[in-house]
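These are the residues of each chain, in order.
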Amino acid sequence: MKNSVAIVVPFLNEEENLPELYRRLTAVFEKRSETAAFLFVDDGSTDGSVHALEKLRQNDPRIRILQLSRNFGHQIAITAGMDYADADAVVIIDADLQDPPETIADLLDKWHDGFEVVYAVRKSREGETWIKRFLAASFYRIFHQMAKVNVPMDAGDFRLVDRKVVDALKNVRELHRFMRGLTCWVGFRQCAVEYDRAARHAGETKYPVWKSLRLAADAITSFSALPLRLMTVMGALIALCGFIQGMWVIVGRIINPDSYVSGWATVVALILFMAGVQLLCLGLVGQYISRIFDETKRRPLYFLR
Ligand code: UDP
Ligand code: MG
């Protein structure tokens, strides 16, 4: 069956954007034959977002509002939306109109062609700082090399997923979730649609750089153990260098017993450098361990109000 579509909109304090988003979404579905449901997931908003939606809902029973008990984060909000959507396909879209709702028509067409995951790839990104664009571009390229899943570069969470994929994802309950990685990891028939990423309609980004970095760390630790393996390689290389240097000193001493070895500065520099490398590696291990700790607690991903 390919009749009904649920539009899942995770949002945090998007009061000024939601009415405009709703207007553009409904305009898209006026021209389509599929029936739509609009599932707004409130990720602990503290502004008038929910009130604005309740007003819209009075005239449109297709609107559903899911309220999380607090701010659980974008990825968890997406998960909650997918858990509660009961349509034949789910489209995930940001509330800030950076993902143009009109692109949904292209996603739906590909879905009717038989694809089960249709992700939207950014041809261009507007209105974002160069540091964020640089970080995003580097992240996608590094992740692509590290993870064994083939996550498309420059695709965000804006995508259509078929019922089968939603059901598959419902079985994945890890806490530190990188949804765009997971939707690729589950497999199925996937394809891309290109779009131009607009600037935010109103308000400010809810993803400051530190949050983006945390998401990147979650993505890498949940899909790749390469950092851990690199530590072994680095340790082996440094040990080898130390061994060669040690032999050099000993042999030099035998050949010329009263050679005076100075090098206080070198020794201090090396000790500091090695202490830094060791702490860095320990921190990396810690990144994995803290996530293991979180996962073993098996807490529910979210609570609904
Ligand atoms: N968002 C959310 N919970 C959060 C942070 C963000 O639900 O903790 C929502 C936000 O309202 C928006 C989407 O996730 O609908 C993407 O966030 P944003 O536009 O701020 O990120 P950016 O596009 O700047 O990366
Ligand atoms: Mg945005």
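Anything mentioned here points back to the structure above.
Below, the structure is looked at part by part. Source: prediction; values computed, not measured. (Residues numbered from 1 in each chain as written. Chains lettered and ligands numbered in written order. Predicted model: local features only at pLDDT ≥ 70, side-chain atom pairs only at ≥ 80, totals over all residues. Heavy atoms only, no water.)

1. Focus: the packing of aromatic side chains
Tallied over the full model, the rule gives eight aromatic pairs. When the ring of Phe-143 is compared with that of Phe-178, the centres are 5.4 Å apart and the planes differ by 70 degrees; the resulting orientation is edge-to-face. Of this pair, Phe-143 sits in helix H5 (residues 130-146) while Phe-178 sits in the loop between helix H6 (163-170) and helix H7 (179-185); the two residues are 35 residues apart in sequence, bridging distant segments of the chain. Accessibility assignment for this pair places Phe-143 and Phe-178 in one class, buried. (Phe/Tyr/Trp six-rings, centres within 6.5 Å; stacked < 30°, edge-to-face > 60°. Helix = DSSP H or I, 4+ residues; strand = E, 2+ residues; numbered from the N terminus. Buried < 20%, exposed > 50% of the residue type's maximum accessible area, 1.4 Å probe, protein only.)

2. Quick notes on the coordination of the magnesium ion (ligand 2)
Where a metal carries four tetrahedral donors, each ideal angle is 109.5 degrees; where it carries six octahedral donors, the ideal angles are 90 or 180 degrees. Only Asp-96 (OD) and Gln-98 (OE1) from the protein coordinate the magnesium ion (ligand 2), and they sit 1.8 to 1.9 Å from it. Accessibility expressed as a relative area gives 4% for Asp-96, which makes it buried. Here Gln-98 falls in the buried class, since its relative accessible area comes to 8%. (Donors = N, O, S within 2.8 Å, 3.2 Å for Na, K, Ca; no water.)

3. Here's the deal with the sheet that holds strand E5 (residues 117-125)
Judged by pairing direction, the sheet is mixed, and its seven strands sit side by side in the order E3-E2-E1-E4-E6-E5-E7 without closing on themselves. The open sheet is flanked by strand E3 (63-67) and strand E7 (190-197), the only strands paired with a single partner. Mean inter-strand twist for the sheet, computed between neighbouring axes without regard to direction, equals 25 degrees. Inspection of the sheet shows strand E2 (residues 35-42) paired to E3 by five bridges, in the parallel sense. Counterpart to Asp-42 in the pairing with E3 is Gln-67. The sheet strands contacting helix H3 (residues 74-84) are strand E1 (4-11), E2, E3, strand E4 (89-92) and strand E6 (155-162), and the helix crosses E1 at an angle near 155 degrees. (Pairing = 2+ DSSP bridges. Axes fitted to C-alpha atoms, helices over the stretch in contact; angles between N-to-C directions. Contact = heavy atoms within 4.5 Å.)

4. Remarks on the site of ligand 1
Taken together, 19 residues lie near ligand 1, and Asp-43, Asp-96, Gln-98, Thr-205 and Lys-206 sit nearest. Glu-14 has a polar side-chain atom sitting 2.6 Å from an oxygen atom of ligand 1. One of the backbone N or O atoms of Ala-95 is found 2.9 Å from an oxygen atom in ligand 1. Protein contact buries 94% of the 530 Å² of open area that ligand 1 shows by itself. By residue class, the composition of the shell around ligand 1 is five nonpolar, five polar and nine charged. (Near = heavy atom within 4 Å. Polar contact = N/O pair within 3.5 Å; in protein donor to acceptor, adjacent residues only side chain to side chain. Areas by Shrake-Rupley, 256 points an atom, 1.4 Å probe, with all protein chains shown as cover. Nonpolar A, V, L, I, M, F, W, Y, C, P; charged D, E, K, R; others polar.)

5. Notes on the nonpolar core
Where a protein is soluble and globular, its nonpolar side chains tend to be buried together. In terms of nonpolar packing, the biggest core is built from 45 residues, with Met-82, Val-90, Phe-139 and Phe-143 touching the most fellow members. Contact partners of Phe-143, with chain neighbours within four places excluded, come to Val-151, Phe-178, Ala-219, Ile-220 and Phe-223. Formed by 33 residues, the second largest nonpolar core is a distinct cluster that contains Ile-63, Ile-93, Val-118 and Val-193. (Core = buried A, V, L, I, M, F, W, Y, C linked by side-chain atoms within 4.5 Å.)

6. A look at H3
The buried fraction of H3 amounts to ten of the eleven residues, a majority that puts the element mostly inside the structure. The complete set of buried residues in H3 reads His-74, Gln-75, Ile-76, Ala-77, Ile-78, Thr-79, Ala-80, Gly-81, Met-82 and Asp-83.

7. Describing the pattern of salt bridges
Applying the stated criterion to the full structure yields 20 salt bridges. A salt bridge links Arg-24 to Glu-102; its shortest N-O distance comes to 2.9 Å. With a gap of 78 residues between them, Arg-24 in helix H1 (residues 18-30) and Glu-102 in the loop between E4 and helix H4 (104-112) connect regions that are remote in the sequence. Between Asp-60 and Arg-62 there is a salt bridge whose closest N-O contact spans 3.0 Å. Judged by its relative accessible area of 32%, Arg-62 is partly exposed. A cluster of three or more residues bridged by salt bridges with shared partners is formed by Glu-14, Asp-96, Arg-200 and Lys-206. (Salt bridge = Lys/Arg side-chain N within 4 Å of Asp/Glu carboxyl O.)

8. What about H4?
An α-helical segment advances 3.6 residues per turn. Residues three or four places apart therefore align on the same side. Taken as a whole, H4 has its buried residues at Ile-104, Ala-105, Leu-107, Leu-108 and Trp-111. Buried positions in H4, seen along its axis, are confined to an arc of 160 degrees and lie on one side of it. Contact partners of the buried residues in H4: E1, H1, E4, E5, E6 and E7. (Arc of directions from axis to C-beta.)

9. Some points on the packing of helix H8 (residues 209-223) against helix H10 (residues 264-297)
In contact at an axis separation of 11 Å, H8 and H10 are set at 85 degrees when each is read in the N-to-C sense. Here H8 is positioned roughly perpendicular relative to H10, judged by the angle of their axes. Facing H8, whose interface residues are Arg-214, Ala-217, Asp-218, Ile-220 and Thr-221, H10 presents Gln-287, Tyr-288 and Arg-291. Classifying every residue of the contact of H8 with H10 gives three nonpolar, two polar and three charged. (Parallel < 35°, antiparallel > 145°, perpendicular 65-115°, else oblique.)

10. Concerning the side chain of Asp-42
By the secondary structure assignment, Asp-42 is in strand E2. Buried Asp-42, no salt bridge; nearest opposite-charge side chain is Arg-305, N-O distance 5.3 Å. At 2.8 Å, the side chain of Asp-42 forms a polar contact with the backbone nitrogen of Ser-45. Not counting residues within four places of it along the chain, the set of residues in contact with Asp-42 comprises Phe-11, Val-50, Leu-66, Gln-67 and Leu-68. (Lys, Arg positive; Asp, Glu negative; His and termini not counted.)

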